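# Summary of structural features
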Amino acid sequence: MSSLRTLPGPGGVPLLGRHINMLRMFRDPLAAMRRMYATYGELVALRRGDPTYVFAFGPEHNRSILSNPELFKNGAGPFFRFAKGTPMERLLLNNLAVMNGPHHRQQRRLMQPAFHKQRIQGYRDAMVALTTQTLERWQPGEQVDVLPEFKRLTRHIAVKTLFGLDQSDELEQAGELLQATVRATSSPLLFILPFDLPGLPYHRMSRAVGQLDAYVRRLVAVRRSQPEGNDLLATLTHVRDEDGTSLSDDELVGHTFTLFVAGHETTTNALAWATFLLAQHPRVNADLVDELDRALHGEPPSPEQLSSLPLLDGVVKETLRLMPPAAVGLRETTASCELGGYALPEKATVFYSEFVTHRMPQLYSEPDRFKPERWAALSPSTYEYLPFAAGSHRCIGAEFAVQEMKVVLAMLVQRYRLSIVEDAVIEADFGMRPARGIPVRVHSQDRRFARSRIRGRIGELVEFSG
Ligand code: HEM
């Protein structure tokens, strides 16, 4: 019977087995996943024959995994025991990404109104205003690293649209608080030293989370006492299910934090890669400036114009195809089952990969090339193109992120030509972040597009034509 077949995969070092393979994998996951697919095919065990950690590549497996959340549930959530009833536990568990089943469906339904098309279009003015501020800080002739610049911009956009704050010091303060909480909750030492003692990361995390918790609660209290406003938190505070259920304060604090974490760095990285890819593809860059000049005449795009700029749309789609900020995702089996003819036990970890799927030559010709024009004649299925994943956990902020990318790029490209600093080292790290930033020289838009000489391992990920 097929399910008795041995899962292919690399051999393991005796005793250390898959742990060594896991370490190798984490050194360069993007290259490792491509190698696995090229060597072993669509279903690969982290260690040959071991069905507890499995990589499943390609649209068929993406469909099996993502369309069946009852069998392939979202990750186990917290890896260590959070002190019961603390702000920390509330913050990290009131998060769509770690919820499953009816609870996830109910919370997602309550959050959906904040992401309706009209709402997202309503965030366009804030996106334009904050992008203008960023672009005004840059001067022709100077060198900037767009990675921290976009990080600051997307943080301000996130905080402005979440909380509706107007003053720049308020934006900065709220952004700092959220960022400090992200830093404090991502320290790997938390797992090794989970003790609430001064000087330890766990203590820092407790303090940061406590401050954020108090801050968001204060904002929620104000929102509850007012008629519904335009920011995300206001919408979330006032939503009601058909049976009258609304989001509790604990849920609002957790969801606010998740929206910030899930949306901020992903959009930053996507914008940084789009900028890099445009700068290194002079013809595409020139065509894009033509398209924007013709349609916008130097103005920021209106919501209607955003959907009628085919090359801008192609640039965003192609960036998310080549350099998807979420390159890999994972699920856990809830029962023993079969996948692609192999038996998996309960609690097996199954990885799916946007990155590997997007590089399959049978789906995308010349998959390593940046060809935004391909999107004029391409309409892949949900499981062939999935920068925002698919199924019940598909990114709730996808349309928000795409609008943000389009607004920022349209305004930036009309105003400036950016060239990559000669000999800059460009590489993608573990999380598809530009590991050493994207240093650029700012020029007014003089249309003197030219590719720069660069170094680093980006050449393994992008094939530059010509
Ligand atoms: C280019 C930018 C973005 C990318 C590539 C991206 C990608 C993703 C992916 C792949 C997932 C699903 C992960 C999984 O379940 O395996 C996801 C989930 C999520 N994203 Fe995004 N995201 C982006 C921007 C945003 C923004 C701007 C927001 C909020 C405003 C956001 C909020 C969320 C939330 C709340 C979830 C969890 C949804 C659920 O589990 O039901 N994301 N995102």
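Note that this is a predicted model, so its numbers are computed, not measured.

### Side note on the packing of aromatic side chains
Under the definition given, this model contains 10 aromatic pairs. The interplanar angle of 80° and the centroid separation of 6.1 Å between the aromatic rings of F276 and F464 together place this pair among those described as edge-to-face. With F276 in helix α13 (residues 249–279) and F464 in the segment after β10 (439–444), this pair connects stretches of sequence that are 188 residues apart. Judged by relative accessible area, F464 falls into the partly exposed class, the value being 22%. Taking the centre distance of 6.3 Å and the plane angle of 45° together, the rings of Y364 and W375 count as tilted. You can see Y364 sitting in the loop between α17 (354–358) and α18 (398–415) and its partner W375 sitting in the loop between α17 and α18, a full 11 residues away along the chain. Given the relative accessible area of 1%, Y364 is considered buried. Relative accessible area serves as the criterion here: at 10%, W375 is assigned to the buried category. A connected cluster of aromatic rings, assembled from ring pairs, spans Y37, F55, F57 and F351. Seen from the ring of Y364, R321 lies directly overhead, with NZ or CZ sitting 5.1 Å from the centre.

### What about the nonpolar core?
In this structure, W138, F163 and M323 are the most contacted members of the largest nonpolar core, which totals 121 residues. Apart from the residues within four sequence positions on either side, F163 is in contact with A174, L178, Y215, V216, L219, R223, D231, L233 and T256. A45, I65, L71 and Y383 belong to the second-largest nonpolar core, a separate cluster that totals 20 residues.

### What to know about the coordination of the iron atom of the ligand
Its sole protein donor being C395 (SG), the iron atom of the ligand sits 2.3 Å from that atom. Note on placement: C395 falls in the loop between α17 and α18.

### So, the site of the ligand
Residues in close proximity to the ligand total 26 residues, the closest being H104, R108, Y352, H393 and C395. Residue R108 places a side-chain N or O atom 2.8 Å away from an oxygen atom belonging to the ligand. Here an oxygen atom of the ligand and a side-chain polar atom of Y352 are 2.5 Å apart. Mapped onto the shell around the ligand, the elements with two or more residues apiece are α5 (101–111), α13 and α18. Here the shell around the ligand gets 5 residues from one element, more than from any other, and that element is α13.

Conventions adopted
- Residues numbered from 1 in each chain as written.
- Predicted model: local features only at pLDDT ≥ 70, side-chain atom pairs only at ≥ 80, totals over all residues.
- Heavy atoms only, no water.
- Phe/Tyr/Trp six-rings, centres within 6.5 Å; stacked < 30°, edge-to-face > 60°.
- Helix = DSSP H or I, 4+ residues; strand = E, 2+ residues; numbered from the N terminus.
- Buried < 20%, exposed > 50% of the residue type's maximum accessible area, 1.4 Å probe, protein only.
- Lys NZ or Arg CZ within 6 Å of the ring centre and 35° of its normal.
- Core = buried A, V, L, I, M, F, W, Y, C linked by side-chain atoms within 4.5 Å.
- Contact = heavy atoms within 4.5 Å.
- Donors = N, O, S within 2.8 Å, 3.2 Å for Na, K, Ca; no water.
- Near = heavy atom within 4 Å.
- Polar contact = N/O pair within 3.5 Å; in protein donor to acceptor, adjacent residues only side chain to side chain.

What is shown is where atoms sit, not what they do.
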